[in-house]
Amino acid sequence: MITKGLDVKVLYDTTPLLPKKITGVGIYVRNLFRGLRGLGVDVNAVYQSSKLIKENSIDTHIQSSPKVFRAMFSPKNSIIHSTDVNLLSDSPKFKKVITIHDMTMFRDDMMDSRLAKKLQEHMKAQLNCNPDAIIVPSYEVHSEFLIRFPKFMNKVNVVYHGSDHLIDSDSLQRKAVTDKPYFLYVGTIEKKKNLVNIIKAFEGFCSLEEETQLVIVGGDGYGADGLNKLISSSPNKSRIIKTGYLQNASLKKLYANAIGLVFPSLYEGFGLQIVEAMKMGCPVITSSVGVMAELGREHSHIVNPMKPEQIMGAMERFVFDKNYRGKLITQGTARTEKMTWLECARETAAVYNKI
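Quick look at the structure, then.

**Points about the overall build of the chain**
Across its full length, the chain holds 12 helices and 13 strands. What you see for the chain is a C-alpha radius of gyration of 21 Å, in line with the 20 Å of a compact globule of 355 residues. The C-alpha extent of the chain, read off along each of the three principal axes, is 65 × 40 × 40 Å. Taken over 355 residues, the chain has a buried fraction of 54%. In the chain, once contacts between residues fewer than 6 apart in sequence are set aside, the share between residues at least 24 apart is 69%. Just so you have it, the chain exposes about 16,400 Å², and 50% of that area is on carbon and sulfur atoms. Between the averaged position of the 47 positive side-chain charges in the chain and that of its 36 negative side-chain charges there is a distance of 5 Å.

**Structural notes on the pairing of strand E10 (residues 240-244)**
Examined bridge by bridge, strand E9 (residues 213-217) and E10 share four bridges and lie parallel to one another. Looking at E10, one finds that Val 215 is bridged to Ile 241. Taking the sense of rotation as the criterion, the β-α-β connection linking E9, helix H6 (residues 224-232) and E10 turns out right-handed.

**Digging into the side chain of Thr 178**
Tracing the backbone shows Thr 178 in the loop between strand E7 (156-158) and strand E8 (182-186). Overall, the relative accessible area of 15% leaves Thr 178 in the buried class. Here the side chain of Thr 178 touches Lys 180 through a polar contact of 3.1 Å, landing on its backbone nitrogen. A polar atom in the side chain of Thr 178 sits 2.5 Å from the side chain of Gln 213. Setting aside residues no more than four positions away along its own chain, Thr 178 makes contact with Gln 213, Val 215 and Ile 241.

**Observations concerning the packing of helix H5 (residues 195-206) against helix H10 (residues 308-320)**
At a closest axis distance of 8 Å, the pairing of H5 and H10 adopts a crossing angle of 50 degrees. Regarding the angle of H5 to H10, the classification is oblique. Between H5 and H10 lies a crossing whose hand is right-handed. Contacts from Asn 197, Lys 200, Ala 201, Phe 202, Gly 204 and Phe 205 of H5 reach H10 at Pro 308, Ile 311, Met 312, Met 315, Glu 316 and Val 319. Looking at the contact of H5 with H10 residue by residue, the classes come out as eight nonpolar, two polar and two charged.

**Description of the sheet that holds E9**
Pairing within the open sheet is parallel, and its six strands lie in the order E10-E9-E8-E11-E12-E13. Strands with a single pairing partner mark the edges of an open sheet, and in this sheet they are E10 and strand E13 (301-303). Within the sheet, the average angular offset between the axes of one strand and its neighbour, ignoring direction, is 25 degrees. Across two bridges, E8 lies against strand E11 (residues 260-263) in parallel orientation. From the neighbouring strand, Leu 184 faces E11, where its bridge partner is Leu 261.

**Section: the sheet that holds strand E4 (residues 79-82)**
Reading across from one edge, E3-E2-E1-E4-E5-E6-E7 is the order of the seven strands in this open sheet, with parallel pairing throughout. Each edge of the open sheet carries a strand with a single partner, namely strand E3 (67-68) and E7. For strand E1 (residues 10-13) and E4, the ladder comprises three bridges, and the chain directions are parallel. Paired with Val 10 across the bridge in E4 is Ile 79. Helix H1 (residues 24-38) rests against E1, strand E2 (43-47), E4, strand E5 (95-99) and strand E6 (133-136) of the sheet, and its axis sits at about 160 degrees to E1.

**Considering the pairing of E11**
Judged by which residues are buried, E11 turns out to be covered on both faces: Gly 260 and Val 262 on one side and Leu 261 and Phe 263 on the other are all buried. Across three bridges, E11 lies against strand E12 (residues 284-287) in parallel orientation. Looking at E12, one finds that Val 262 is bridged to Ile 285. Traced from E11 through helix H8 (residues 272-279) to E12, the parallel crossover comes out right-handed.

Rules used throughout
Throughout this description, residue numbers start from 1 for each chain and increase along the sequence as written. Local features in a predicted model are, by the rule used here, given only for residues with pLDDT of at least 70; side-chain atom pairs are given and counted only at 80 or more, and totals for whole chains, interfaces and linings are based on all residues. With hydrogens and water set aside, each side-chain value is computed from the structure's full complement of heavy atoms. Put simply, DSSP marks the helices as runs of H or I at least four residues long and the strands as runs of E at least two long, and each gets a number from the N terminus on. All radius of gyration figures rest on C-alpha atoms, and the globule criterion is 2.2 Å times the number of residues raised to 0.38. When accessible area is computed with a 1.4 Å probe and restricted to protein chains, residues below 20% of their type maximum are described as buried, those above 50% as exposed, and intermediate ones as partly exposed. Residue contacts are defined here by distance: any two heavy atoms, one from each residue, within 4.5 Å place the two residues in contact. Per-residue and other accessible areas follow the Shrake-Rupley method at a 1.4 Å probe size, with only the shown protein chains counted as cover for residues. Charge counting treats Lys and Arg as positive and Asp and Glu as negative, with His and both chain ends excluded. Lys charges are placed at NZ, Arg charges at CZ, Asp charges at CG and Glu charges at CD. Strand pairing is defined by DSSP finding a minimum of two bridges between the two strands. For the handedness criterion, the strands are oriented away from the viewer, and a crossover whose path from the first strand over the helix to the second runs clockwise is classed as right-handed. Under the rule applied, a polar contact is a pair of N or O atoms within 3.5 Å (in protein, one hydrogen donor and one hydrogen acceptor; residues adjacent in sequence only if both atoms are side-chain atoms). Angles run from 0 to 180 degrees between N-to-C directions of axes, and those axes are lines fitted to C-alpha atoms, restricted for helices to the stretch in contact. Roughly parallel means an angle under 35 degrees; roughly antiparallel means over 145; roughly perpendicular covers 65 to 115; every other angle is labelled oblique. Crossing handedness is defined as follows: a turn of the near helix away from the far one that is anticlockwise and smaller than a right angle gives a left-handed crossing, while the clockwise case is right-handed. Lys, Arg, Asp and Glu make up the charged group, whereas Ala, Val, Leu, Ile, Met, Phe, Trp, Tyr, Cys and Pro make up the nonpolar group; the residues left over, Gly among them, are polar.

Structure representation (structure tokens):
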């Protein structure tokens, strides 16, 4: 971590916290900021002003009043940490750290091709500013990144996210989503999350028993129209509950009471849902590919994401084999024991110290 007495100010980009509703990147930005403050790092919340987002919820997320970043008024030799591939400045007067969360824009069929091209060019432009250090959230992203940008070999650092941000959430909830047993999906409703095969698997599972439901938590993303039509046309649509976006307290309760998280995603940069579930004592069904396998290993039930019969088989085993489910809960809890936001902050501070 940053050594005692080191005269350095960190200008920390909190722009992803402008919206009231935050997901993966916002959760990272909020909890890492709190962790760095907890370590005593001189971290200062700044943001890039935006005409597109009228609201400013940053202070409610981090209990600290941010300032609009102004390069000319910022002290020389500060470290600027750009938390989502948007460098605050390319000025040589600053040391520059950039977090790259995933490489989705280089994956075919994961997003609109025009948007993907635009994001690829944006990332290349940011990297052309020659950051002093790059942080990625997994070894999967580390590998993907270096395949395309090998010249940054000595600058890339893997820092896992924390998993403990739901623990202290107020667990009170006025109304339960359902009083029946349920499987849980958490994430944006989008193509890469593999909801098509989740729905197919659940429809097959419904033929085995008549009570268990599927709760889907998250807002709409790329390809949501087709996925929502698939859900609404399912013969078991009465057993599929869509909640939309939920706050931490509600999400914590859903994890704690679910039969299991069903998350056989096709691609993630980290897969925060996996470690959230494990931390909350919710066993996980996830993919045999990418970071899902990296995080899951023997701690979750691994399936081929393109085979809905395997997802269905995992659901069946979770319901009818309580010993197996209990074993995964124990293993998942152990997996996340050291995956805290304080540890994420320590490793991030070590990156600051290195540059």
